[in-house]
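# A look at the structure
Next come the chains, spelled out residue by residue.
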Amino acid sequence: MSEKIKAVIFDLDGVITDTSEYHYQAWKKLADEEGITFTRDDNNKLRGVSRSECLKILLNGKQVSTEQFQEMMDRKNRYYVELLKQMTSKNILSGAKELVLEIKRRGIKTAIASVSKNTRTVLQGTGIEDLFDVIVDGYSVKNTKPAPDIFLSAAKELGVKPEDCVVIEDAEAGIEAALAGNILPIGIGPEERVGKARFRFEKIGDITLTKLLEIMNF
Ligand code: BG6
Ligand code: MG
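Calculation notes
- Residues numbered from 1 in each chain as written.
- Chains lettered and ligands numbered in written order.
- Predicted model: local features only at pLDDT ≥ 70, side-chain atom pairs only at ≥ 80, totals over all residues.
- Heavy atoms only, no water.
- Salt bridge = Lys/Arg side-chain N within 4 Å of Asp/Glu carboxyl O.
- Helix = DSSP H or I, 4+ residues; strand = E, 2+ residues; numbered from the N terminus.
- Buried < 20%, exposed > 50% of the residue type's maximum accessible area, 1.4 Å probe, protein only.
- Phe/Tyr/Trp six-rings, centres within 6.5 Å; stacked < 30°, edge-to-face > 60°.
- Lys NZ or Arg CZ within 6 Å of the ring centre and 35° of its normal.

Take the pattern of salt bridges next. Per the stated rule, a full pass over the model turns up 18 salt bridges. When the shortest N-O distance is used, the salt bridge between K196 and E176 registers 2.6 Å. Highlighted residues: K196 in the loop between α9 (191-194) and β6 (199-201) and E176 in helix α8 (residues 172-180), separated in sequence by 20 residues. For K196, a relative accessible area of 45% translates into the label partly exposed. When its relative accessible area of 28% is taken as the criterion, E176 is described as partly exposed. Through salt bridges with shared partners, a single network forms among E33, E34, E71 and R75.

Once that is clear, we can look at the packing of aromatic side chains. Enumeration over the complete set of coordinates arrives at two aromatic pairs. Here the aromatic rings of F10 and F132 are separated by 6.1 Å at their centres, their planes lie at 65°, and the arrangement is edge-to-face. Of the two residues, F10 sits in strand β1 (residues 7-10) while F132 sits in the loop between α6 (119-125) and β3 (134-136), which places them 122 residues apart along the sequence. Residue classification places F10 among the buried residues on the basis of a relative accessible area of 0%. Aromatic pair Y24 and F38: ring centres 5.8 Å apart, planes at 25°, arrangement stacked. A residue pair is termed long-range when its members are at least 10 positions apart, and Y24 in helix α1 (residues 20-33) and F38 in the loop between α1 and α2 (40-44) qualify at 14 residues. What makes F38 buried here is its relative accessible area of 5%. The ring of Y79 carries the charged tip of K29 above its face, separated from the ring centre by 4.5 Å. In this structure, K76 is placed above the aromatic ring of Y80, and the distance from its NZ or CZ to the ring centre is 4.5 Å.

This is how it looks when you write it as structure tokens:
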């Protein structure tokens, strides 16, 4: 691991914005319609995971046709996109924007790496599309988290070696993806979810530039 970190790669849902709650509400509506039990706890398993993987987890072995599977994915996305219409800058998690601005002022590059195909909509809706140097999303790579591809793609676009980056993530799949890509992961959330991360904070607002620089071994 290099001593001087040159870039911070942020996950989006649950790290920069509170949109993981909207993902939950959209899946919950679908689950209720399909008579499937689905709790907030179950939703934690869907964090960081692609839409199709989420549906497989939700169905929990229940057999459906290819057409039904596609229809359910589309329906969940419709509910999600509908919820995104009410989005404002209030959906940015407390302290997240300030942290990104501080990092940038320090001359460290920033990226968003989210497997969500709604990444652009979320960034536009919350008014922070121009905040990051690089944005990679669900359209940028084939293999989604826990594969490291999305973070490696972000590092490449930033022009920084993976080992010179850190990743900030709220999902187990995201922590695993960072580790697989030889990138230092910082977890946001409870031990049982992000315990594999090298460092952990309860919420993004708890991270300050000073703490980040200590972690980065400046
Ligand atoms: C991730 C979320 O950011 O994006 C997951 O944590 C979600 O819960 C995934 O399933 C894909 O999102 P979308 O918007 O493409 O369905
Ligand atoms: Mg997330």
